[in-house]
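Architecture and fold: a report
One letter stands for each residue in the lines below.
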Amino acid sequence: MRIVRDDLRGPEIAAMLEAHLKDFEPHSPPESRHALDLDRLRRPEIHFFSAWEDGQLLGCGAFKRLNDEHAEIKSMRTDPAHLRKGVATALVAHLIEEARAAGFERLSLETGSVTHFDPARKLYEALGFQYCGPFADYVEDAFSVFMTRTL
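Figured I'd write up the structure that's included with this text. (Residues numbered from 1 in each chain as written. Predicted model: local features only at pLDDT ≥ 70, side-chain atom pairs only at ≥ 80, totals over all residues. Heavy atoms only, no water.)

**A word on the overall build of the protein**
If you tally the helices and strands in the protein, you get 4 helices and 7 strands. Reading the helices (α) and strands (β) of the protein from amino to carboxyl end gives β-α-α-β-β-β-α-β-α-β-β. For 151 residues, the compact-globule estimate of 2.2 N^0.38 gives 15 Å, and the C-alpha radius of gyration of the protein, at 14 Å, lies within 12% of that figure. When the 151 residues of the protein are sorted by exposure, 42% land in the buried category. (Helix = DSSP H or I, 4+ residues; strand = E, 2+ residues; numbered from the N terminus. Rg over C-alpha atoms; globule rule 2.2 N^0.38 Å. Buried < 20%, exposed > 50% of the residue type's maximum accessible area, 1.4 Å probe, protein only.)

Okay, here's the thing in structure tokens:
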């Protein structure tokens, strides 16, 4: 698996991110969906990465600068054909190292609270994230869970 900084211009990325946004529809009301669209992921405060193997897109993930010390994981997605192969673990570990190398001291995230998001929460727990309250511009929401870890 090769993880690279991505410019978000490839059609595979666009398709994966569209699927990512659609995946939330049955699990969270619109006001509780915090995923970024393609244009918002192209902003300079976003560091976006994709995972590839043999020319196939396996997954993606990003982190967003919140301030000089704090960043947020965004747009974590594994292609359904590549679930349970370690893609998400490799991507999150890569994001942790990249955020650390960029000088951030804390990495946080928001994910869903319903059963559909159980695998994501278990992954983040295994990688040292702990539950916390809302951060940045988030507010308490029955459909959201917040997690953080120091770097």
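There is more to say, and it comes next.
**A few points about the environment of M1**
Following the sequence through the fold, M1 ends up in the segment before β1 (2-5). Residues M1 and F146, 145 residues apart in the sequence, show an inter-C-alpha distance of 29 Å. Apart from the residues within four sequence positions on either side, M1 is in contact with A51, W52, E53, L58, G86, V87 and A90. (Contact = heavy atoms within 4.5 Å.)

**Notes on the nonpolar core**
Judged by nonpolar contacts, the single largest core of 22 residues is most densely connected at F63, I73, M76, V92, L107, Y124 and F129. Looking at this core, the elements with two or more residues in it are β2 (46-53), β3 (56-65), β4 (70-78), α3 (87-101), β5 (106-112), α4 (118-126) and β7 (144-150). Residue contributions to this core peak at 6 residues, all from α3. Discounting residues that sit within four places of it in the chain, V92 has contacts with I73, M76, L123, Y124, L127 and F129. (Core = buried A, V, L, I, M, F, W, Y, C linked by side-chain atoms within 4.5 Å.)

**Structural notes on the pattern of salt bridges**
Charged atoms that come close allow side chains of opposite charge to pair. Per the stated rule, a full pass over the model turns up 5 salt bridges. Of the charged contacts in the structure, one is a salt bridge between D68 and R65, with a shortest N-O distance of 2.3 Å. In this structure R65 comes out as partly exposed when scored by relative accessible area, which is 37%. Across the salt bridge formed by K74 and E72, the nearest N and O atoms sit 3.5 Å from each other. Here K74 falls in the buried class, since its relative accessible area comes to 7%. Overall, E72 belongs to the buried group, its relative accessible area being 3%. (Salt bridge = Lys/Arg side-chain N within 4 Å of Asp/Glu carboxyl O.)

**Some words on the pairing of β2**
Extensive coverage of β2 is indicated by the burial of 7 of its 8 residues. Where β1 and β2 come together, 4 bridges link them in antiparallel fashion. In the strand pairing of β2, V4 is matched with S50. In the sheet, β2 pairs with β3 via 8 bridges, with the strands oriented antiparallel. Its bridge partner lying in β3, H47 is registered against F63. Counting the residues between successive antiparallel strands, the hairpin from β2 to β3 contains 2 residues, one of them, D54, with a positive phi of roughly 50°. (Pairing = 2+ DSSP bridges.)

**A closer look at the layout of surface pockets**
The computed volume of the largest pocket comes to approximately 900 Å³. Forming the walls of the largest pocket are 36 residues, and the residues nearest its centre are M76, R77, T78, F117 and A120. Sorting elements by how many residues they give to the lining of the largest pocket places β4 first, with 7 residues. Counted by class, the lining of the largest pocket contains 16 nonpolar, 12 polar and 8 charged residues. Its boundaries defined by the atoms lining it, the second largest pocket holds a volume of some 150 Å³. (1 Å grid on protein atoms, 1.4 Å probe; cavity = no way out; pocket = protein on both sides within 12 Å on 5 of 7 lines; lining within 4 Å. Points joined across faces, edges and corners; volume = space filled by probe spheres on them. Nonpolar A, V, L, I, M, F, W, Y, C, P; charged D, E, K, R; others polar.)

**Some points on unusual backbone geometry**
A positive phi angle, close to 50°, is found at D54, a residue other than glycine. Within the fold, D54 resides in the loop between β2 and β3. Unlike most non-glycine residues, R84 shows phi in positive territory, near 65°. Mapped onto the elements, R84 comes out in the loop between β4 and α3. The exposure class of R84 is exposed, given its relative accessible area of 75%.

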